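Chain by chain, the residues run as shown.
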Amino acid sequence: MGNMMHHLIDKAWHSLECDEIIELFESDAVDGLSPSKIKEREAFFGKNILKETKQESKLKKFFMQFHNPLIYILIGASMITAWLGEWVDSGVIFAVVIINVIVGYIQEVKAQEAIASLKQMMITEAVVIRDGKKTRISSLDLVPGEMVLLESGSKVPADIRLIESQNLQVDESMLTGESLSVLKDTATYEKTLIVNDRKNMVYSGTFVNYGRAKGMVVATGRQTELGRISHLLDETMDMQTPLSKKIASFSKILLYLILGFSVFTFLVGVLRENSVMDTFMVSVALAVGAIPEGLPAAITITLAIGVNRMASKNALIRKLPAVETLGSVTTICSDKTGTLTQNKMSVTNIFCSDRSYTVTGNGYEPKGDFLVDKKIIESIDDNLLEVLKAGYLCNESHLVHKENEYSINGDPTEGALIVCALKSGCDEHELNHAYPRVDILPFESDRQYMATLHREIKTDEKILYLKGSIEKTLAICDFEWIESEIQPIDKTKILKQVDAYASNGLRVLGIAKKIVTQDKIEEELFKNKFIFLGIQAMMDPPRPEAIEAVNESIGAGINIIMITGDHALTAFSIAKMMNIVGSDASFEASVLTGKELTNLSKHELIDKVSTVKVFARVEPEQKLRIVNALQARGEIVAMTGDGVNDASALKQADIGIAMGKGGTEVAKEASDIILSDDNFKTITDAVREGRTVFDNLIKYMVWELPTSLGEGFVVLAVIVLGLTLPILPVQILWINMSTAVFLGIMLIFETGEANIMKRKPRDPKKSIFSTPMLVQMMLVGLYMLIVTYFLFNHLLSHGHGVAYARTAIVNIFVFIELFYLFSCKELERSIFKINLMNNKLIFLGVLLTVLLQILFTHTAFMNHLFKSEGLDMLTWVQVIVISAGVMVVVEVQRYFSKRLAKREEMIQ
């Protein structure tokens, strides 16, 4: 078997006939591969994957943690202190290095695991025929010889030789550089043709823009054309975002400034003829104290947590910057069907032969009555039957009855048409047998209709049935079906009925037919002479949770715009139900149709988008114009989409959101986020999470930076004023290491503040720190400086030794950070007004920190390592009271900041 399979590699498949290829692969054009052959090929060819991303070894990852300027400084300090004979200090500093490296290694591994799990969720699927059954599988499980079905929006999962093709057009730009779609066929070509000219082949990674096809997989994984150039690709997710890059840049500048100050400090000390050892220790203290070493890890962990939280709420992040951009979104442009509505269609009204019918029944169960003027009709007349029959036959979906429940395999709109036909007593088997399908023209969003060609067995007549938007259907209809006779069409009457249905929020579909002689559907058939059969109007009720989400988004200062291909009145009615449009808003001011949009200039559209809440009968390509117009007004735009033609708008939007259930692979590839449940509420949840992620990063920095400032101020004061160093480098390392791990990181797990969705969106151009935040950080840093020297001198003046006083100062720093942590749970409100109990991890961190400080202060081992001493009860009380004072400082600062802000508002 293995030898035979070697012959299936690197053949010129485009030069072979279809039957020959099928025979070579021992496959079947109708039934595909059998389970036994699939297993054999899986064993031989392996997974359909281009390449396994080369992972660094764990050992290399560990040693790469040493490649950090801070670590270099600490190793240098450890070596010099060892050379000076301070073996304990040297050992402690080196131990801190090792602990930092271990913590960094663990954080990096966890972050990479999080991203890897998300990449697993993004694997595409393929529709195949296996053992005679159509099934959907992971593209990773494809093997050569598989029979694959492709349709508009599909991402080609492997190299495939086409066996059947219906107007298939493929975007091969990522492989060939050719921007125009290529029309494919099933002919046989010369062996010497280059990839660009092989019209009977489609290649892995390319996209189907139009049509449908059936083909056989001839190469997977590294054997594909894409596999040959896969070394040029990089599919890793960038862990850097604009904010994290800004912070990393800030940290680097701060590092060099601190190193400069440390060198300056050492030189000043030497010039003053201070002890070289003491001066060196002061310089090291300044370096390790002022560098916010926990910041990079905090950013990585925060973003990874945010990504995982969003995934748990059905929002899959494809591009990490989307996490923080979500917090700035000012406008959400959402599709209507399935996102704002339930996508559970039910036909409620039918208009045909100048008569309006009401249809009863719930869900997809084929039970219900047909009423005229509120009276149940006893029998279905020929006119109504023709509309129902056309809706059933011009269809690609199926009603599934399993375990006493009915569901639809396919599109819900088509499902509603099937169920409606069956309610009338139509028999599926009889209809399928009496009108076998000859050909099909699939629905395309730019065409707005689909058609199927059938042969009526009884008369041998060929009938072309069509269903689509009213506008497109009426445009090609010259006649209508009245009392089983063909008459000239009265479009005014039909449009009046459409408006009546649409104003009640019903989605309307036009149904038509044409008698033809052709055996194949051709484009010229759709120019005119169709017979209008009637209208089927269906209700797609709004999602209750989406209504709540819309209200929440509006409360968060976010503008909601509905974009739909539906009738303008239908869209306006649904928008009113969902509060997107106010109850007193006028139709003219709130709604813009695709036709009207076409006639607007760029500048006219920019003016118009400020008031329009509903874009109806919009072509997918027009979404891009809408996004550009909104962005020209300074809006941060999130745009949903699911079709091939939505890709450009999704790419242009600040946040492109693709539908996970109904979205094409093209749309998913262009997006930043994929909604696995296609629900508008998920978008709102993601915005809330994006705001929370940004808030938590700011909280962490507002908490950590004052400590760096305070430690830096204390050490600088030693040099400037010639004072005794109140805290040793190893003790500063202890403070920074223990508080970052057990206190600061806990802020990252904060849930969103109560008012997080009541604030206006954050302006990304503004500084990440507000003026009150900068004032707060400076005040806390100065408070640390003042109380440090006050308590240090106080203890020395009362007969305590330097080691005792330094131990108290270490505890002062730690407990100031502990109390300040609670003030940083929220950055604006008073601590007396916030929920202190909503993050239990903070209390765990506080408990562990207190226990560590007791060990640091009162155990001989720690006393020896860190030159600390046990404190008496009075000193502990002084430490706690002084440390708690930081909360008073913050409360006073916030009180005056609010008063100042109110005064400025009054002046304005």
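Quick summary incoming for the structure in this document. Counting from 1, residues in each chain are numbered in the order their sequence is written. This being a predicted model, a pLDDT of at least 70 is required before a residue's local features are given, and a value of 80 or more before pairs of side-chain atoms are given or counted; all residues contribute to the totals for chains, interfaces and linings. Note that water and hydrogens are dropped before the side-chain values are worked out from all heavy atoms of the structure.

Description of the nonpolar core
And then number 1: What is meant by a nonpolar core is a set of buried Ala, Val, Leu, Ile, Met, Phe, Trp, Tyr and Cys residues, joined one to another through side-chain atoms within 4.5 Å. The cut-offs for exposure are 20% and 50% of the maximum accessible area for each residue type, with area from a 1.4 Å probe on protein chains only; residues under the lower value are buried, those over the upper are exposed, and the others partly exposed. Counting 88 residues, the largest nonpolar core has Ile698, Val702, Phe769 and Tyr820 as the members making the most contacts within it.
And then number 2: Setting aside residues up to four positions removed in sequence, Tyr820 forms contacts with Val702, Trp703, Pro706, Gln776, Met777, Val780, Val886 and Val890.
And then number 3: Counting residues in hydrophobic clusters, the runner-up holds 46 residues, among them Val307, Ala549, Ile558 and Ile683. Residue contacts are counted whenever heavy atoms from the two residues lie within 4.5 Å of one another.

Considerations on the packing of aromatic side chains
Given two aromatic rings, one states the distance between the centres and the angle between the planes to describe the pair.
And then number 1: Between the rings of Phe, Tyr and Trp (Trp by its six-membered ring), a pair exists once the centres lie within 6.5 Å; its type follows the angle of the planes, with under 30 degrees stacked, over 60 edge-to-face, and the other angles tilted. A complete count under the given rule lists 12 aromatic pairs for this structure.
And then number 2: Each ring, one from Phe822 and one from Phe843, has its centre 5.7 Å from the other, and the planes form 55°; the classification is tilted. One end of the pair, Phe822, is in helix H29 (residues 802-823); the other, Phe843, is in helix H30 (residues 840-858), with 21 residues separating them in the sequence.
And then number 3: Classification of Phe822 as buried rests on a relative accessible area of 11%.
And then number 4: In this structure Phe843 comes out as partly exposed when scored by relative accessible area, which is 32%.
And then number 5: Grouping aromatic residues by their ring pairs yields a cluster made of Tyr449, Phe526 and Phe530. Helix and strand assignments follow DSSP, with helices taken as H or I runs no shorter than four residues and strands as E runs no shorter than two, numbered in order from the N terminus.

Digging into the side chain of Thr331
And then number 1: For Thr331, the location among the structural elements is in strand S9 (residues 331-335).
And then number 2: Look at Thr331 and you get buried, because its relative accessible area is 0%.
And then number 3: In the analysis that follows, any N or O atom pair within 3.5 Å is treated as a polar contact, provided that within protein one partner can donate a hydrogen and the other can accept it, and provided that, for residues neighboring in sequence, both atoms belong to side chains. A distance of 2.8 Å separates the side chain of Thr331 from the side chain of Glu635, its partner in a polar contact.
And then number 4: Contacts of Thr331, omitting those with residues within four sequence positions, involve Ile558, Asn559, Ile561, Leu630, Glu635, Ile636, Val637 and Ala638.

Some remarks on the sheet that holds S9
And then number 1: Ordered by their spatial adjacency, eight strands build an open sheet running S8-S28-S27-S26-S9-S23-S25-S24, and the pairing between neighbours is mixed. Looking along the sheet, the strands with just one partner apiece sit at the ends: strand S8 (315-317) and strand S24 (591-593). Strand-to-strand twist in this sheet, taken as the mean axis angle between neighbours without regard to direction, amounts to 20°.
And then number 2: A pair of strands is labelled paired if DSSP reports no fewer than 2 bridges between them. Bridge analysis of S8 against strand S28 (residues 673-675) gives three bridges, and the strand direction is antiparallel. Bridge pairing links Ala315 to Leu675 in S28.
And then number 3: Contacts from helix H19 (residues 568-577) reach strand S23 (559-563), S24 and strand S25 (614-616), with the element oriented near 155° to S25.
And then number 4: To get an axis, a line is fitted to the C-alpha atoms, and for a helix only the part in contact is used. The angle between two axes follows their N-to-C directions and goes from 0 to 180 degrees. Running at roughly 160° to S9, helix H26 (residues 680-721) makes contact with S8, S9, S23, strand S26 (637-641), strand S27 (655-659) and S28 of the sheet.

Let's talk about the packing of H29 against helix H32 (residues 873-907)
And then number 1: Put simply, H29 and H32 touch, their axes get as near as 8 Å, and they point 35° apart. H32 is crossed by H29, and the crossing has right-handed handedness. For the pair H29 and H32, the contacting residues are Tyr804, Ala808, Asn811, Ile812, Phe815, Ile816, Phe819, Tyr820, Phe822 and Ser823 in the first and Thr875, Trp876, Val879, Ile880, Ile882, Ser883, Ala884, Val886, Met887, Val890 and Arg894 in the second.
And then number 2: Amino acids are sorted into nonpolar (Ala, Val, Leu, Ile, Met, Phe, Trp, Tyr, Cys and Pro), charged (Asp, Glu, Lys and Arg) and polar (every other residue, Gly among them). Considering only residue class, the contact of H29 with H32 consists of 16 nonpolar, four polar and one charged. It is the rotation of the near helix from the far one that decides the hand of a crossing: anticlockwise by less than a right angle makes it left-handed, clockwise makes it right-handed.

Shape is all these values report; function is a separate question.
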